[in-house]
Amino acid sequence: ECLDAVSVLVGKGCSNPCQPLLRSALEATISILHILKKDTKRRALAYQVAHYHRRLSLYRKMDPSTQAGQELVKFLDGDSIAASIIGDIGNHDFKAMAENVERLLETAEYRSTEDEWKKQKKAKKSEPEWYSLFGGPSNMRALAKEVGQPGMYEFLYRYWSNEVHAGSAFNATGKKNGQQVIRPIRHPEELQAAVNLSSSLSLLLARRLLEVYVPDKLD
C-alpha cells in the first residue's frame, strides 16, 4: 500500500514526500524477509503478539480506572485538542476490550510467544521489538543484517529516517548563480530514484515469496 502511494506521488511530481513511504515499505520488506527466513510460524506469531500488546496498551491508556489511564489524563491536562479527540471516540468499554485481548493472549496458540514477550519485557524493562523474541535481532540495523540487507539499512533507511523526523530541511536549500535558493515543491530531483527503489523492493519481496511458497513458478 505504501508503494502504491509512492506511485500516486510520483505521478504528481512529488519526489521528497515519497521518502517516508519508502522507509515504511523497506521496514515492512525487511520484516517479511525475517519471517520467511526460518521459524516462519513462530516469527509470525511474535509479530501478532506485539500487535496485540500495542492494542492492549492503548485500551489501558483509554481506561481512566487504570494507572496508565490516570497518567494519560495527567499528561494531557490543558490540551484542548486531545480532549476533543478523546471526546469524539465515543462511549467504549475499554476495560472489557483490554480483557478480551488479555484472554486472547492466554490461548494455546499464543501462550508460548506471550511468555517469551513477558520475559523480555521484564529483562529489558520496556516492551520488546517483535523480531527480538526467541533470540532474534535487538534492533532494525541488526535485523537488516540478519536478512542480508545491511546496505539498504545504512544507505536508505537512515537517509529516509532523517526525512521522517524532519531533520532534512536544509537539503532543500542551496546556491544558484550566487543567490540563496530554496528547492520548490514537486521538484523532480528524486523521482527516478523513487521509481527505481519501489521497483527493487517489490521485486525483492515478490521473488522471496515465490521461493518460499511456490518455487516451481519462480521462472
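Now for a quick tour of the structure. Everything numeric in this text was worked out from a predicted model, so none of it was measured.

**With respect to the packing of helix H2 (residues 18-37) against helix H10 (residues 191-213)**
At their nearest, the axes of H2 and H10 sit 11 Å apart, and the two run at 15° to each other. On the basis of their axis angle, the class for H2 and H10 is roughly parallel. Every pair of crossing elements has a handedness; the one defined by H2 and H10 is left-handed. Within the contact between the two elements, H2 uses Cys18, Leu22, Ala25, Leu26, Thr29, Ile32, Leu33, Leu36 and Lys37 and H10 uses Ala194, Ser198, Leu201, Leu204, Leu205, Arg208, Leu209, Val212 and Tyr213. The residue makeup of the contact of H2 with H10, split by class, is 14 nonpolar, 2 polar and 2 charged.

**Some points on the packing of aromatic side chains**
Counted according to the given criterion, the structure contains 5 aromatic pairs. Geometrically, the ring pair formed by Tyr47 and Trp130 is edge-to-face, given 5.3 Å between the ring centres and 80° between the ring planes. Separated by 83 residues along the polypeptide, Tyr47 in helix H3 (residues 40-62) and Trp130 in the loop between helix H7 (108-124) and helix H8 (140-146) bring together distant segments of the chain. For Tyr47, a relative accessible area of 42% translates into the label partly exposed. Judged by centre distance (6.3 Å) and plane angle (40°), the rings of Tyr59 and Phe94 are tilted. Here Phe94 lies in helix H6 (residues 94-105) and Tyr59 lies in helix H3, a separation of 35 residues in the sequence. In terms of burial, Tyr59 and Phe94 fall into one category: buried. Grouping aromatic residues by their ring pairs yields a cluster made of Tyr47, Trp130 and Tyr131.

**Section: the side chain of Arg23**
Relative to the elements of secondary structure, Arg23 occurs in helix H2. One buried charged side chain, Arg23, makes no salt bridge at all; its nearest oppositely charged neighbour is Glu27, positioned 4.0 Å away. What Arg23 contacts, discounting residues up to four positions off in sequence, is Tyr157, Trp160, Ser161, Val164 and His165.

**Re the side chain of Glu163**
Tracing the backbone through its elements, the reader meets Glu163 in helix H9 (residues 150-164). Although buried, Glu163 forms no salt bridge, and the nearest oppositely charged side chain, Arg183, lies 5.9 Å from it. Aside from chain neighbours lying at most four places away, what touches Glu163 is Asn16, Gln19, Pro20 and Ser168.

Conventions we followed
Residues numbered from 1 in each chain as written. Predicted model: local features only at pLDDT ≥ 70, side-chain atom pairs only at ≥ 80, totals over all residues. Heavy atoms only, no water. Axes fitted to C-alpha atoms, helices over the stretch in contact; angles between N-to-C directions. Helix = DSSP H or I, 4+ residues; strand = E, 2+ residues; numbered from the N terminus. Parallel < 35°, antiparallel > 145°, perpendicular 65-115°, else oblique. Left-handed = near helix turned anticlockwise from the far one by under 90°. Contact = heavy atoms within 4.5 Å. Nonpolar A, V, L, I, M, F, W, Y, C, P; charged D, E, K, R; others polar. Phe/Tyr/Trp six-rings, centres within 6.5 Å; stacked < 30°, edge-to-face > 60°. Buried < 20%, exposed > 50% of the residue type's maximum accessible area, 1.4 Å probe, protein only. Lys, Arg positive; Asp, Glu negative; His and termini not counted. Salt bridge = Lys/Arg side-chain N within 4 Å of Asp/Glu carboxyl O.

Read these as spatial facts, not as claims about activity.
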